[in-house]
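Commentary on secondary and tertiary structure
Next come the chains, spelled out residue by residue.
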Amino acid sequence: MTAAQSPASGASAADAAAPDVPEVAAEPTAVLGETGAVAFGTLVWVPALERRDLLAEPVHVALAELADRHPDLAEQVLVAEIDPDLADTAAMTTAYALPLEISANCVLVAGKRAGEERVAACVVRATTRADVNNVVRRLLDVRKASFWPTEQAVAASGMAFGAITPIGVPDGWRLLLDPRVVTGDAVVGSGIRGSKLLLPGEALAALPGAEVVPGLAQPA
């Protein structure tokens with residue numbers, strides 16, 4: 001029994017009325033009685049394909065296709081509902097007691113060659129940054145590479161700003177993965193600001209056209 005529950009503890013009336021603090025799971029842990037559900041941080045994560053309402057349409061389509069090709073990986077992709085105002089990585093990890101290094105950011109980089117715009121979705125751990133000016137620029141074979149403007153990124157991806165994810169990026173984009181994101185678990189966007197995905201790095205590597213690029217990310 002906690003102090004808030006026991007008058008004998010000597011807690012004040014204000015303490016007794018305080019809401020319980022959610023238990024924090026330091027690593028993904030199965031939730032008893034809920035098939036496929038996992039507790040991690042202060043969130044409960046459930047199979048993503050069972051919560052279509054928490055996925056952008058391109059993400060749902062891509063996950064369904066992944067399930068056809070790699071059902072064992074697709075069933076390990078989980079989703080948790082969050083406050084849309086806390087979708088940015090720093091705010092989300094703090095609010096839900098998640099380690100920063102578990103998050104992987106998807107940044108869009110573009111450049112032009114002979115009038116053709118070339119786009120890459122670069123996936124790197126939140127503790128690192130994509131090497132845009134060197135590695136990404138060379139891979140795109142462009143003179144100059146820069147982050148894609150927000151309005152273009154949202155319109156082309158069909159996903160919300162701050163929630164763009166490697167799952168379901170349009171055909172024609174390069175999908176570049178830093179080696180750090182293909183091992184262990186990763187938290188990525190779901191295409192909407194009101195949820196996040198938790199998945200094994202192997203699921204990212206199994207996405208169509210995914211390229212694992214050594215040196216893609218540098219320390220932040």
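Refer to the preceding data block for the structure.
In every chain, residue numbers begin from 1 and rise along the written sequence. Confidence filtering applies because this is a predicted model: local features only for residues at pLDDT of at least 70, side-chain atom pairs given and counted only at 80 or more, and all residues used for totals across whole chains, interfaces and linings. Side-chain descriptors were evaluated using all non-hydrogen atoms of the structure, hydrogens and water having been removed beforehand.

Any pair of cysteine sulfurs within 2.5 Å is marked as a disulfide. The full count for this structure, using the stated rule, is zero disulfides. Not engaged in a disulfide, the cysteine C106 finds its nearest cysteine sulfur in C122; these two sulfurs lie 7.7 Å apart. Type-normalised accessible area, obtained with a 1.4 Å probe on protein chains alone, sets the label of each residue: buried when under 20%, exposed when over 50%, and partly exposed for intermediate values. The exposure class assigned to C106 is buried, which follows from its relative accessible area of 14%.

The next subject is the pairing of strand β3 (residues 43-47). Any two strands with at least two DSSP-identified bridges between them are counted as paired. Here a helix means four or more residues in a row that DSSP labels H or I, a strand means two or more in a row labelled E, and each is numbered from the N terminus. Sheet analysis places strand β2 (residues 38-41) next to β3, joined by three bridges and oriented antiparallel. Of the residues in β3, the one forming a bridge with V38 is W45. Taken together, β2 and the strand that follows it, β3, pair antiparallel across an intervening segment of one residue. As defined by bridge partners, β3 adjoins strand β4 (residues 78-81) across two bridges and the pair is classed as antiparallel.

Within the sequence span of helix α5 (residues 132-140), burial applies to V132, V135, V136 and L140. Within α5, the buried residues cover an arc of 125° as seen down the axis, which keeps them to one side. Exposed side of α5, more than 90 degrees from the buried face: N133 and R138 are the residues found there. Just beyond α5, the residue with positive phi is D141, at close to 55°. To obtain the arc, one takes the directions from the helix axis to the C-beta atoms.

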